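Read off the chains here:
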Amino acid sequence: MINRRKFIQASAFTGLATAIGQPLRGNDLHPAIKGKPVVVSTWDAGIRANKAAWDILSKGGRALDAVEKGVMVTEEEQNCCVGLGANPDRDGFVTLDACIMDEFSNCGSVAFLERIKHPIAVARRVMEKTPHVMLVGSGAQQFAVAEGFPLEEQKLSPEAEKAYKDWLIKSEYKPPAINVENKQGGHGPFAPARLSNGEWNHDTIGMVAMDTNGNLSGSCTTSGAGFKMRGRLGDSPIIGAGLFVDNEVGACTATGQGEDVIRVAGSHSVVELMRQGLSPEMACKKVIERIIRIKGPKAKDIQVGFLAINKKGQVGAWSIHKGFEYAIRNQGEERLVKAKFVME
Ligand code: ASP
């Protein structure tokens, strides 16, 4: 029985100190920019996703193809956080959200999609084969099936199965206390997810890339917040929130608490700040600070991270809390980089 229906709720939180006004901390290393092409994606799963993207980019392929094929690797991995084996909603159903955007500002999105393995590929079909940008729920599934995508059986990964069973014990819609350093909490108000290798993972992969022609594209795919209300969408399928590409300026993707990314049109805001001349890193930082200002003391309970690239191929990221990292691949080099952050 679900005994809490409050969607986003503040909880007691210990061990964090708001660092606004204090020196910013974090990893000072910046990935060297070695020219086109370049691909970056969120979290450590991005290492494997970037590899698939790189196979396309290094042969002179289009950024759009790279960002689609790249995140399909993560969708295929069937872990707790992205794809069909991921954390379900509170009623036990895995519902997937994804969007994609190219250098011509074409975009496509699917949301609340069930039993389809590659939502990002369906989002691309929406972009290329319909007059629309977004299809949701049964309509999105009907379109996918008509396009030849098989209807799969939902099969939770062992990690997701366990996490859901654990969650059902209390069925609490309440933020876990975030202890990012000890990795004992999540990054949002929902239960955290742990992979079999012991690493904490996150519910989204966002990827942005520049190809050898200097064109930008981006993709974002997720199972959304674990144990969410049925029908809930976060930022990830929303163009301008979870992803935004402007081929004249740059591209950005987001991860973390989707509600708070939507509130500031997160990825679009980062791109607009880059348009005004800010570096990708400074643009991400400004929008993170905006979220913190809006949330006030509750900012300590949520995690949001932005990852951006500009037209020069420079890359930057920023997050509310320590722990956000991104993978970069450039001229064959693959690295995981820790993003700068505002709070421990
Ligand atoms: N942004 C995703 C959502 O709110 C979750 C995540 O990035 O972990 O659905």
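Residues numbered from 1 in each chain as written. Predicted model: local features only at pLDDT ≥ 70, side-chain atom pairs only at ≥ 80, totals over all residues. Heavy atoms only, no water.

## Digging into the overall build of the protein
1) Next: Per the secondary structure count, the protein includes eight helices and 15 strands.
2) Next: Relative to its full complement of 344 residues, the protein shows a buried share of 60%.
3) Next: Here the contacts in the protein between residues at least 6 apart in sequence split such that 66% fall between residues at least 24 apart.
4) Next: For the protein, the computed accessible surface area is about 13,500 Å², with 52% contributed by carbon and sulfur atoms. (Helix = DSSP H or I, 4+ residues; strand = E, 2+ residues; numbered from the N terminus. Buried < 20%, exposed > 50% of the residue type's maximum accessible area, 1.4 Å probe, protein only. Contact = heavy atoms within 4.5 Å. Areas by Shrake-Rupley, 256 points an atom, 1.4 Å probe, with all protein chains shown as cover.)

## A closer look at the pairing of strand 1 (residues 38–42)
1) Next: Within strand 1, five of the five residues are buried, which leaves the element mostly enclosed by the surrounding structure.
2) Next: Going residue by residue along strand 1, you find V38, V40 and T42 tucked away on one face and V39 and S41 tucked away on the opposite face as well.
3) Next: Direction of pairing for strand 1 relative to strand 7 (residues 204–210): antiparallel, over a ladder of four bridges. Directly across from V40, in strand 7, lies its bridge partner V208.
4) Next: With five bridges joining them, strand 1 and strand 13 (residues 325–330) adopt antiparallel strand pairing. Paired with V38 across the bridge in strand 13 is N330. (Pairing = 2+ DSSP bridges.)

## Here we look at the pairing of strand 8 (residues 216–222)
1) Next: In terms of burial, strand 8 is a largely internal element, seven of the seven residues being buried.
2) Next: On strand 8, burial covers both faces: L216, G218, C220 and T222 on one face and S217, S219 and T221 on the other are all buried.
3) Next: Inspection of the sheet shows strand 2 (residues 96–101) paired to strand 8 by five bridges, in the antiparallel sense. Paired with D97 across the two strands is T222, which belongs to strand 8.
4) Next: For strand 7 and strand 8, the ladder comprises seven bridges, and the chain directions are antiparallel. Within the sheet, the bridge partner assigned to I205 lies in strand 8 and is T221.
5) Next: Counted between consecutive antiparallel strands, the loop separating strand 7 from strand 8 contains five residues, among which G214 sits at a positive phi close to 80°.

## Some remarks on the sheet that holds strand 7
1) Next: Ordered by their spatial adjacency, eight strands build an open sheet running 4-3-2-8-7-1-13-14, and the pairing between neighbours is mixed. Each edge of the open sheet carries a strand with a single partner, namely strand 4 (134–136) and strand 14 (333–338). Between one strand axis and the next, the sheet turns by 10° as a mean value, whatever way the strands run.
2) Next: Note that strand 2 and strand 3 (residues 107–113) share five bridges and pair antiparallel. For C99, the partnering residue across the bridge sits in strand 3 and is S109.
3) Next: Sitting on the sheet, helix 1 (residues 45–57) is in contact with strand 1, strand 7, strand 13 and strand 14, with an inclination near 155° to strand 1. (Axes fitted to C-alpha atoms, helices over the stretch in contact; angles between N-to-C directions.)

## A look at the packing of helix 3 (residues 119–129) against helix 4 (residues 137–146)
1) Next: Axis separation between helix 3 and helix 4 bottoms out at 10 Å; the angle between their running directions is 85°. Viewed along their axes, helix 3 and helix 4 adopt a mutual orientation that is roughly perpendicular. Between helix 3 and helix 4, the contacting residues are V122, R125, V126 and K129 on the first element and A140, F143 and A144 on the second.
2) Next: Taken together, the residues of the contact of helix 3 with helix 4 break down into five nonpolar, no polar and two charged. (Parallel < 35°, antiparallel > 145°, perpendicular 65-115°, else oblique. Nonpolar A, V, L, I, M, F, W, Y, C, P; charged D, E, K, R; others polar.)

## Let's talk about the site of the ligand
1) Next: The ligand sits among 12 residues. The nearest are T204, R232, D235, T255 and G256.
2) Next: Within the side chain of R232, a nitrogen or oxygen atom sits 2.7 Å from an oxygen atom of the ligand.
3) Next: Contact between the ligand and T255: an oxygen atom at 2.8 Å from a side-chain N or O atom of the residue.
4) Next: The protein chains hide 98% of the 270 Å² of surface that the ligand would expose on its own.
5) Next: Looking at the shell around the ligand residue by residue, the class counts come to one nonpolar, eight polar and three charged. (Near = heavy atom within 4 Å. Polar contact = N/O pair within 3.5 Å; in protein donor to acceptor, adjacent residues only side chain to side chain.)

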